[in-house]
Amino acid sequence: MMKVNESTAVVILLVEDNPGDVRLTQESLKKVKIINELHVAKDGVEALDFLRRQGEFADAPRPHLILLDLNMPRMGGRELLEEIKDDADLKRIPVVVLTSSEMEEDIVKSYDLHANCYITKPVGIAGFTNVVQAIDSFWFNVVELPEA
Amino acid sequence: MARAAEPALRELAQYRAMWETVVDGIISIDEQGTVIALNPAAERIFGYSAAEVVGNNVKMLMPEPYHGQHDNYLANYRRSGEAKIIGTGREVEGKRKDGSIFPLHLSVAKMEVNGEVCYNGVLRDLTDSRAAEAELAESQRRYHDVLERSGLKAAQPKSFLLGKGIKKPAFWKFMLEDRQFDERHLYTLALLMTGLPVLVGLMMVGAWLWPGDALRLAVPWIFYMQLKTAVLYSLCGLGLSLVLWGRGAYAFPVAAFVGAVAGATLLEYGLGMSLGIDPWLAGDLVYDMNAYPGRMAPNTAAVLLTTAVVLALLASPEKIYQRLRVVAVDFLSFMVLAIGVAVLAGYIRGEPMVYTWGSMTRMSIPTAVATLVLAMAVMATSSYHQRMGVARGLWWIPPILALLVFMFDLAMPLGVAAGIAYVPLVFCGLWFRRLHMTFVLAMMGTLLTIMGYMFSPAGPYGNWIVLTNRTLTVGTLWLVAVLVYLHQRIYRTLADSELRFKNLYNHTPVMLFSTNEDNELVGVSNHWLDMMGYTRDEVLGRKITDFMSEEAARVARETTLPRFKAKGTLKDAVSVMARSDGTPMEVMISAITEKDQKGRYVRSLAVMVDTTQKNRSEKMLREYANKLSQQNISLARSNQELENFAYITSHDLQEPLRMVRSYGDLLRDRYMKALPDEAREFLGYMVNGAERMQNLIRDLLAYSRVSRNEMKLSEVDFASVVEEVKRTLGSDLTPVGASIKVSSGLPKVAGEKGMLMQVMQNLLTNAVKFRKAEGPLEVEVSARKDGEKWEFAVRDNGIGIDPRHGERVFEMFKRLHSREEYEGTGIGLAVCKKVVERHGGEIWVDSELGRGATFYFTLPEQQPMKEEPNDEGK
């Protein structure tokens, strides 16, 4: 059992191809009390490498949470989600789908692939910050996560 | 019932198709000449539309002289059955709508439909073929020239003469053709014949009036014919000429006068007294030892009286007792003939009784000759005038036969049974077209037999034997006459019906052909020949498969023909014929077999319909339909692509938009104070634009969702829909003080609740948005039943819409106001329209500028409508 407290840094993997969104996420996380360590992967392939500590990510930490965008080049969010949830080692890492898609089919598909939650990116900085903070407080203050 | 009518209908359809598609013009007229119908080809040929011609007299399509003659021609045909073109066909001229005159070939078939007679004329414009003929004739002439100059005595190959294009005779040639020639010939002959008695009579009158005695001393015997007789004979001839000339009315007084004089004379003989007319025109010489000087012989009087009656009959209006009159005229004219023949025979045999009839006056030899001439004139007149004529060229046989037999009768001692020799005379009836002629001849034989009895010298064996013989003879004559009549009648009916069939077969504007067991053509209709481009001689005796395309011939030989032989019928077999010029003709053939009593195959009767045109149009139609459905498919695809595009783009547009908006916000939040005023203003525009675009994308997504999403129908209570929408809009409604009245009794309908809510929401939002600046907003939602549908109305007291824009407000992105006046994307009503239409309803607006607007939409009460195919993958 891992109890996230203020002394331990929280590791978050953001899988996002849009630097603007990456930056927004970083900006939003700055305002959060919990010390966090945000890693970014530009697409699914890179994210898998990170998770499996392959190549340049040999020393990568195991993230406590994955923020996943759906539409990315090379390997998209859905494929990555499938890979993660099929991987016995990785499937316990909670995945938050954070995307601009409001499509019903995307939502359904994501949950079918065992996404832990699905959030549509709000427009406007205030909304976005709210969402990121909410994620943070929910997953790291409310939820009990497994030890690794 | 329906099934029984099916073949007839199909036939009708075939006929219809034939009527529409044949290249020949077809015009149907009734007995009066009124056009009943004409086909498209005839319309083309004459340049009239059917409506302009039908109901009018067909004369309108004819130039002079045909125009003027046609009524007479029809009337004459109705009267006498004598037709110039029925069953044959000839070249005539036609008049187009523009007045131009052109040559055409016309053949007419008579048809009887439910007892109504009508005539179908099949006509073909010969303008082109005339030109071709002229060209051909010219090249033929040159060919001859070349031949002659080259000194080659080339035998003209027959096929050259039979070549296409020159097979039709020129018009003047046609005039010399059999029938036409006969007609004129008969008329001239008849006129000449009636002229003869006039001539003979006038010559006698001349002789009588000749001054001096020289003539009388030279040829005294001609004066045996009295002046009175001569005058009366020439009058008779004149009367007949008048009848022929068509001035029958003038022949009446002539007949009356001649009849009166002759009748009076016979009366004098009968009563044995004088009525005082004897001296009249007696001439100055009386050669006879006559008790009554100047009186004509009884037989002469009988001839004149009979002739007078015939004349009166011929001159009487035609409609009266036509049939009876024809019989009477025939009987009487042959009676005249018999009397004349008998007198001649009497002179030849030296039997005074025959030419005196027991009186003191005899019919002289000149009178007897004149009588024969008169009899011929009467017969000629009646046969031309009544047009039911005697057999051509054979009419002289009965009188000669009668003369010979009567002479034979008189020559035989005691006249024993000589009358039996009249049997051949009665048989002559076989030659005549009029059925009763055999009775006429039997009567003539009877008359001659009686005269033979009366005038032959009585023998020593007593009259009873002779009388019995003659009675038996007469009986035999009439028996033979009856037999001949019966035979004639059966034969005639048969011949007539065969003729009719043949005419119909040949001239009906349908392609017919018949083959024997070896599939050789034994009969083809003219239309078949015309369509195929052959002459009859070229095709008869050849196999039908010779006239098919190679492939079709193979199919016919291997499959169709054997199956037809086995089955006995053929229905709508498809084949391809090859015309003489090599072009193919797609046809449909139906046929039946004709079998003899033993069930053996005799021949086939086949109908062929040209389906080339039809097939072509069908093919075109099919191609068109294909193209259309393909277009539909591609249209549907592009529609769907468009919707997908709208969806995907709006979706993908969100992403960059979010960037603009977010960083705009970030900029404003963090650096607002540091920015100069102008930058702040710019930033404001930027953020505002991003917001608008966001709304636009949101609405666009909503719109495309309406058509993309499957509808999950359920019973929707509209009252609750309105309530929920009111609640959703609550925050928007309150500040403007809107009162939304919902009439009770909003129904339950079948639909997709989410979508219907969207409709209500959009309409109410619109009402709020376009409210008047002053006064409270009032909205009323109501519904009423309209047949199977519910009609909903959302009425407001807002600014209204100019009716000119009534329909356009439902178009996508259509806005009537500037953005500064009213916010909006112009999609809301388009969404409403789409939702309502997907539910099978309609939406429209009723409004006036400044007077509020009422939006109506209908929804079906039940939802029987099927979910439209929505095959984009989910």
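What you see is a predicted model, and the numbers here were worked out from it, not measured in a lab.

Thresholds, definitions, all that
- Just so you know, the residues in each chain are numbered from 1, in the order the chain's sequence is written.
- Chain letters start at A and ligand numbers start at 1, both assigned in the order the entries are written.
- Selection of residues for local features in this predicted model requires a pLDDT of at least 70, selection of side-chain atom pairs for listing and counting requires 80 or more, and totals for whole chains, interfaces and linings are taken over all residues.
- With hydrogens and water excluded, all non-hydrogen atoms of the structure serve as input to the side-chain values.
- Here a strand is any run of E in DSSP of at least two residues, a helix any run of H or I of at least four, and the numbering for each starts at the N terminus.
- Exposed residues in this analysis have more than 50% of their type's maximum accessible area, buried residues have under 20%, and partly exposed residues fall in between, with area computed by a 1.4 Å probe over protein chains only.
- Every residue pair with non-hydrogen atoms within 4.5 Å of one another is taken to be in contact.
- A 1.4 Å probe and the Shrake-Rupley method give the accessible areas. Residues count as covered only by the protein chains that appear here.
- One requirement defines pairing of two strands: DSSP has to find at least two bridges between them.
- Orientation is described by axes fitted as lines to C-alpha atoms, over the contacting stretch for helices, and by angles from 0 to 180 degrees between their N-to-C directions.
- Basic side-chain nitrogens of Lys or Arg form a salt bridge, by our definition, when they fall within 4 Å of a carboxyl oxygen of Asp or Glu.
- For this analysis, a polar contact is any N or O atom pair within 3.5 Å, provided that within protein one partner can donate a hydrogen and the other can accept it, and provided that sequence-adjacent residues contribute only side-chain to side-chain pairs.
- Residues are grouped as follows: nonpolar covers Ala, Val, Leu, Ile, Met, Phe, Trp, Tyr, Cys and Pro; charged covers Asp, Glu, Lys and Arg; every other residue, Gly included, is treated as polar.
- Note on aromatic pairs: the rings of Phe, Tyr and Trp (six-membered ring only in Trp) are paired at centre separations within 6.5 Å, and the planes decide the class, stacked below 30 degrees, edge-to-face beyond 60, tilted for the rest.
- The criterion for a charge sitting over a ring is simple: Lys NZ or Arg CZ within 6 Å of the ring centre, and within 35 degrees of the ring normal.
- Buried Ala, Val, Leu, Ile, Met, Phe, Trp, Tyr and Cys residues form a nonpolar core when they are joined through side-chain atoms within 4.5 Å.
- Expected helix span is taken as 1.5 Å per residue step, with the number of steps being one fewer than the number of residues.
- Each residue carries a pLDDT value, the predictor's own confidence for that position, ranging from 0 to 100.
- For classification purposes, angles smaller than 35 degrees are called roughly parallel, those larger than 145 roughly antiparallel, those between 65 and 115 roughly perpendicular, and all remaining angles oblique.
- Should the near helix be turned anticlockwise from the far one by less than a right angle, the crossing is left-handed, and should it be turned clockwise, the crossing is right-handed.

Enquirer: Can you explain the overall build of chain B? Please cite residues and give values.
Expert: Across its full length, chain B holds 27 helices and 17 strands. Sorting the 874 residues of chain B into buried and exposed places 43% on the buried side. A sequence separation of at least 24 residues applies to 63% of the contacts in chain B between residues at least 6 apart. When the accessible area of chain B is evaluated, it comes to approximately 46000 Å², of which 60% is carbon and sulfur surface.

Enquirer: Outline the overall build of chain A, supporting the account with residue identities and numerical values.
Expert: The secondary structure content of chain A amounts to 5 helices and 5 strands. Ordered by position in the sequence, the α and β elements of chain A form the string β-α-β-α-β-α-β-α-β-α. For chain A, buried positions account for 53% of its 148 residues. Long-range pairs, those at least 24 residues apart, make up 67% of the contacts in chain A between residues at least 6 apart in sequence. Carbon and sulfur atoms provide 51% of the accessible area of chain A, an area that totals close to 6900 Å².

Enquirer: Please give an account of the sheet that holds strand β2 (residues 36–41) of chain A that cites residues and values.
Expert: All names here are of chain A. Pairing in this open sheet of 5 strands is parallel, and the strands run β2-β1-β3-β4-β5 from one edge to the other. A single partner strand is all that each edge strand has here, and the edge strands are β2 and β5 (117–120). Taking each pair of neighbouring strands and ignoring which way they run, the sheet shows an average axis angle of 20°. Running at roughly 155° to β5, helix α4 (residues 104–112) makes contact with β4 (95–99) and β5 of the sheet.

Enquirer: Residue-level account of the pattern of salt bridges, with values.
Expert: Inspection of every chain in the model, using the stated rule, returns 27 salt bridges over all chains. Among the ionic pairs, Asp87 of chain A bridges to Arg52 of chain A, the shortest N-O distance being 3.1 Å. Taken together, the residues Asp87 of chain A in the loop between α3 (77–86) and β4 and Arg52 of chain A in the loop between α2 (44–51) and β3 (65–68) connect sequence positions 35 residues apart. A relative accessible area of 33% places Arg52 of chain A in the partly exposed class. Shared partners join several salt bridges into a network, and the residues in it are Glu16, Asp21, Asp69 and Lys121 of chain A together with Arg658 of chain B.

Enquirer: If you had to explain the interface of chain B and chain A to someone new, which residues and values would you point to?
Expert: If you look at the interface, chain B gives 16 residues, while chain A gives 20 residues. Inspection of the chain B/chain A interface yields 2 salt bridges. Between Glu27 of chain A and Arg670 of chain B there is a salt bridge, and its shortest N-O distance comes to 2.2 Å. Inspection of the region where chain B meets chain A yields 5 residue pairs in polar contact (both at pLDDT 80 or more). Those elements giving two or more residues to the side of chain B that touches chain A turn out to be α23 (612–671) and α24 (677–708) of chain B. Tallying contributions element by element places α23 of chain B first for the side of chain B that touches chain A, with 13 residues. Residue composition of the side of chain B that touches chain A, grouped by class: 4 nonpolar, 4 polar and 8 charged.

Enquirer: Summarise the packing of aromatic side chains; cite the residues concerned and give the values.
Expert: Residue and element names in this part refer to chain B. Using the criterion set out here, one finds 15 aromatic pairs over all chains in the structure. One aromatic cluster is present, formed by Phe513, Trp528, Tyr534 and Phe547 through successive ring pairs. In this arrangement the basic side chain of Arg96 is found over the ring face of Phe102, its NZ or CZ atom lying 4.1 Å from the centre. Between the NZ or CZ atom of Arg247 and the centre of the ring of Trp245, over which it lies, the distance is 4.6 Å.

Enquirer: Run through the nonpolar core, naming residues and quoting values.
Expert: Residue and element names in this part refer to chain B. Membership of the largest hydrophobic core comes to 88 residues, with the highest contact counts inside it found for Leu337, Phe406, Met444 and Leu448. Ranked by residues supplied to this core, first place goes to helix α13 (residues 322–349) with 14 residues. One finds Val749, Met755, Ile801 and Ala830 within the second-largest nonpolar core, a separate group that totals 45 residues.

Enquirer: Now, about the pairing of strand β10 (residues 601–610) of chain B: what can you tell me, with residues and values included?
Expert: All names here are of chain B. The sheet contact formed by strand β6 (residues 511–515) and β10 spans 3 bridges and is antiparallel. Residue Leu512 lies in a different strand from β10, and its bridge partner there is Val607. Judged from the 9 bridges that link them, strand β9 (residues 584–595) and β10 form a sheet pairing that is antiparallel. Paired with Ala591 across the bridge in β10 is Ala606. Hairpin connection, β9 to β10: the antiparallel pair is bridged by 5 residues, and Gly599 has positive phi, about 80°.

Enquirer: Outline the pairing of strand β15 (residues 789–796) of chain B, listing residues and values.
Expert: Residue and element names in this part refer to chain B. Counted residue by residue, β15 has 6 buried out of 8 residues, so it is predominantly covered. Hairpin remark: strand β14 (residues 778–786) followed by β15, antiparallel, with 2 residues in the connecting loop; positive phi at Gly787, about 65°. Direction of pairing for β15 relative to strand β17 (residues 853–860): antiparallel, over a ladder of 7 bridges. Looking across to β17, one finds that Ala793 is bridged to Tyr856.

Enquirer: So what's going on with the side chain of Thr438 of chain B? Which residues, and what values?
Expert: Among the secondary structure elements, Thr438 of chain B is positioned in helix α18 (residues 437–455). Sequence-distant contacts of Thr438 of chain B, defined by excluding residues within four places in its chain, comprise Val426, Gly429, Ala481, Val484 and Tyr485 of chain B.

Enquirer: Tell me what's going on with helix α26 (residues 753–769) of chain B, and back it up with residues and numbers.
Expert: Because an α-helix completes one turn every 3.6 residues, residues spaced three or four positions apart along the sequence face the same direction. Taking 1.5 Å per residue as the helical rise, α26 of chain B with its 17 residues ought to reach 24 Å, and the 24 Å between its terminal C-alpha atoms agrees with that figure. Restricting attention to buried positions, one finds in α26 of chain B the residues Met755, Leu756, Met757, Val759, Met760, Asn762, Leu763, Leu764, Asn766, Ala767 and Val768 of chain B.

Enquirer: Please set out unusual backbone geometry residue by residue, giving values where relevant.
Expert: Of note in this structure, His114 of chain A is not a glycine but carries a positive phi near 70°. Residue placement: His114 of chain A occurs in the loop between α4 and β5. Classification of His114 of chain A by relative accessible area gives exposed; the value is 54%. Phi at Asn519 of chain B takes a positive value of approximately 65°, unusual for a residue other than glycine.

Enquirer: Could you give an account of the confidence of the model for chain B, naming the residues involved and the relevant values?
Expert: All names here are of chain B. On average, residues of chain B score 77 in pLDDT, and 81% of them are at 70 or above. Low pLDDT, under 50, characterises residues 1–5; the predicted model gives this stretch 0 contacts beyond four residues in sequence or across chains. Confidence over residues 388–393 falls short of pLDDT 50; this stretch has 17 contacts with residues more than four positions distant or in other chains. Across the whole predicted complex the pTM is 0.40, and at the interface the ipTM reaches 0.71.

Enquirer: Talk me through the sheet that holds β9 of chain B; I want residue IDs and the actual numbers.
Expert: Residue and element names in this part refer to chain B. The strand order across the open sheet built from 5 strands is β7-β6-β10-β9-β8, with neighbouring strands paired in antiparallel fashion. At either end of the open sheet lies a strand with only one pairing partner, and these are β7 (521–524) and β8 (569–578). Geometrically, the sheet is characterised by an average inter-axis angle of 30° between neighbouring strands, direction not taken into account. In the packing of helix α22 (residues 550–567) onto the sheet, the strands contacted are β8, β9 and β10, and the crossing angle to β8 comes to about 160°.

Enquirer: Before we move on, can you summarise the packing of α24 of chain B against helix α27 (residues 828–838) of chain B with the specific residues and values?
Expert: Residues and elements named next belong to chain B. Look at α24 against α27: their axes get within 10 Å of each other, and the N-to-C directions meet at 10°. In terms of axis orientation, α24 runs roughly parallel to α27. Only Ala830, Val831, Lys834, Val835 and Arg838 of α27 make contact with α24, whose side of the interface consists of Asp699, Tyr703, Val706, Ser707 and Arg708. Of the residues assigned to the contact of α24 with α27, the class counts are 5 nonpolar, 1 polar and 4 charged.

Enquirer: Quick one: what's the story with the packing of helix α1 (residues 19–30) of chain A against helix α5 (residues 125–142) of chain A, residue by residue and with numbers?
Expert: Residue and element names in this part refer to chain A. The N-to-C vectors of α1 and α5 enclose an angle of 65°; their axes lie 9 Å apart at closest approach. The two elements α1 and α5 meet at a crossing, and its hand is right-handed. Across from Asp21, Leu24, Thr25, Ser28 and Leu29 in α1, the residues of α5 making contact are Ile125, Phe128, Thr129, Val132, Gln133 and Asp136.

Enquirer: Give me α27 of chain B: which residues, what numbers.
Expert: Residues and elements named next belong to chain B. With 8 of 11 residues buried, α27 lies mostly within the body of the structure. All of the buried residues in α27 are Leu829, Ala830, Val831, Cys832, Lys834, Val835, Val836 and Arg838. In the stretch just after α27, Gly840 is the one whose phi turns positive, near 85°.

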